[in-house]
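# Architecture and fold: a report
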Amino acid sequence: MQSKDLLQLAEQFGSPLYVYDAEKIKSQYERLTKAFSKVEKLRINYAMKALSNVAILQLLRDLGSCLDAVSIQEVQLGLHAGYSPDQIFFTPNGVSLEEIEEVHALGVQINIDNLSILEQFGTKHPTVPVCIRINPHVMAGGNENISVGHIDSKFGISVHQLPHLVRIVENTNMNIAGIHMHTGSDILDIEVFLYAAEILFDAARNFKNLEFLDFGSGFKVPYKKDDIETDIEELGKKLSKRFNAFCAEYGKDLTLIFEPGKFLVSEAGFFLAKVNVVKQTTSTVFAGIDSGFNHLIRPMFYGSSHHIENISNPKGKERFYSVVGYICETDTFASNRRIQEIAEGDILCFRNAGAYCYSMSSNYNSRYKPAEVLWINGEGHLIRAHETFEDLLRNQISLPASVAKQ
Ligand SMILES: Cc1ncc(COP(=O)(O)O)c(C=O)c1O
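Residues numbered from 1 in each chain as written. Predicted model: local features only at pLDDT ≥ 70, side-chain atom pairs only at ≥ 80, totals over all residues.

## Comments concerning the overall build of the protein chain
From N to C terminus, the protein chain includes 13 helices and 18 strands. With respect to the three principal axes, the spread of C-alpha positions in the protein chain is 65 × 65 × 40 Å. Every one of the 406 residues in the protein chain was classed for burial, and the buried ones make up 43%. In the protein chain, the proportion of contacts linking residues at least 24 apart, taken out of those at least 6 apart, comes to 69%. (Helix = DSSP H or I, 4+ residues; strand = E, 2+ residues; numbered from the N terminus. Buried ≥ 20, exposed ≤ 12 C-beta atoms within 10 Å, placed from the backbone. Contact = placed C-beta atoms within 7 Å.)

## Let's talk about helix H3 (residues 54-63)
Think of an α-helix as 3.6 residues a turn; residues three or four steps apart then line up on the same face. For H3, the set of buried residues is Ile56, Leu57, Leu59 and Leu60. One side of H3 carries all its buried residues, which in axial view fall inside an arc of 160 degrees. Tucked into the core, H3 has its buried residues touching strand S1 (17-21), helix H2 (22-35), strand S2 (42-47), helix H4 (72-80) and helix H10 (262-265). Directly beyond the C-terminal end of H3, a positive phi value near 110 degrees is found at Gly64. (Arc of directions from axis to C-beta.)

## Let's talk about the domain arrangement of the protein chain
As assigned here, the protein chain comprises domain 1 (36-264) and domain 2 (269-384). The distance between the C-alpha centroids of domain 1 and domain 2 comes to 33 Å. Each side of the interface is counted separately: domain 1 has 14 residues, and domain 2 has 16 residues. Partitioning the side of domain 1 that touches domain 2 into residue classes produces 6 nonpolar, 5 polar and 3 charged. (Domains from an automatic or database assignment. Nonpolar A, V, L, I, M, F, W, Y, C, P; charged D, E, K, R; others polar.)

## Here we look at the pairing of S1
Most of S1 sits out of view: 5 of its 5 residues are buried. Of the two faces of S1, the one lined by Leu17, Val19 and Asp21 and the one lined by Tyr18 and Tyr20 are each fully buried.

## Here we look at unusual backbone geometry
With an omega of -5 degrees, the peptide bond between Ser15 and Pro16 qualifies as cis. Relative to the assigned elements, Pro16 resides in the loop between helix H1 (3-13) and S1. Within the chain, Asn395 stands out as a residue other than glycine whose phi angle is a positive 75 degrees. By secondary structure assignment, the location of Asn395 is in the loop between helix H12 (389-393) and helix H13 (401-404).

## As for the environment of Ser65
When you line up the elements, Ser65 lands in the loop between H3 and strand S3 (66-69). Ser65 sits 23 residues away from Ile88 along the chain, and the two C-alpha atoms are 9.8 Å apart. Contacts of Ser65, omitting those with residues within four sequence positions, involve Tyr29, Ile44, Tyr46 and Leu60.

Written out as structure tokens, the structure reads:
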């Protein structure tokens, strides 16, 4: 997508605005499947928590993707978007047995990540094929909030608890169809994936009726020009070879599953915001935009660094700016960042705004959430309208006058 197209979309749909490039999603999907083309049975479960707009789900479904859902509401959204139950995988963390039962009743594959629920579910449904999430105790990920496979993490069943796990499976006679792990996000080093894969293979040797192994995700994507990223092609070559060798040893062609979020949608997303005010202080020049951490929380939450460009003045001379939001707390998107000279009214474009951006947005400060547009075949299609005052009031109930007066 070009800056002039983004600028035109900001004019057409207003700001702030999320824009997603369908072509980039498609090319990332194809890149991943090509990297693992030597694996007989490959399945991609898009981690829909990254970006769950129904139009995006439909786009990925048409490319051949399945879904990774972490709440019953995500499962319902997936079904609404046209996925069949067997195309959806439920990999929640810390949810109730009731929610797991409800999802199972919809015909969706469930993944269990603790021994307590495993024992209860297995006792009730010994014949239902279940996947289990292993915690491989690998410290990996770009930030502690997205490192989820280490020993202090709440995710998964420790590999050291395998003897207990196997005992539960034998006692309940339950059916373990798959093993899953996910060590974190933003993992650059492919050796981490290969090392964790060996732990998964070791765990898999304890179960005789497996159908699949799910390696989770965590691929690091580039955040600016010439940035480093996980070498998917190299990982594809090395992991496919190890996976195929494991299948030969196991005596069955298992399905290899990945559940990428960021890899598929991060780079496809652009967040456009207008500069409300340029404010020179004694220490910096602030560019204050018509947004804040209510719309894009990642820089404040994880310290993620989104490349920012002034698409209203693409050829402008670069100056240093601190880009901040309008929220009544410090919400700094970038400090001392070189950006083309900014004037009030200019549109700034934040890159890598596809994953965990809109999906983490809120109505904090009683602001509306932005609209979303999908750029497809050279045209922008509105896929979520800008909110209105009615949206803010929806589900709010005023007190009856008799109670309010007491
Ligand atoms: C279980 C699980 N799978 C997949 C993902 C997607 O990870 P990423 O966006 O890094 O691809 C996540 C992210 O939080 C996750 O928790």
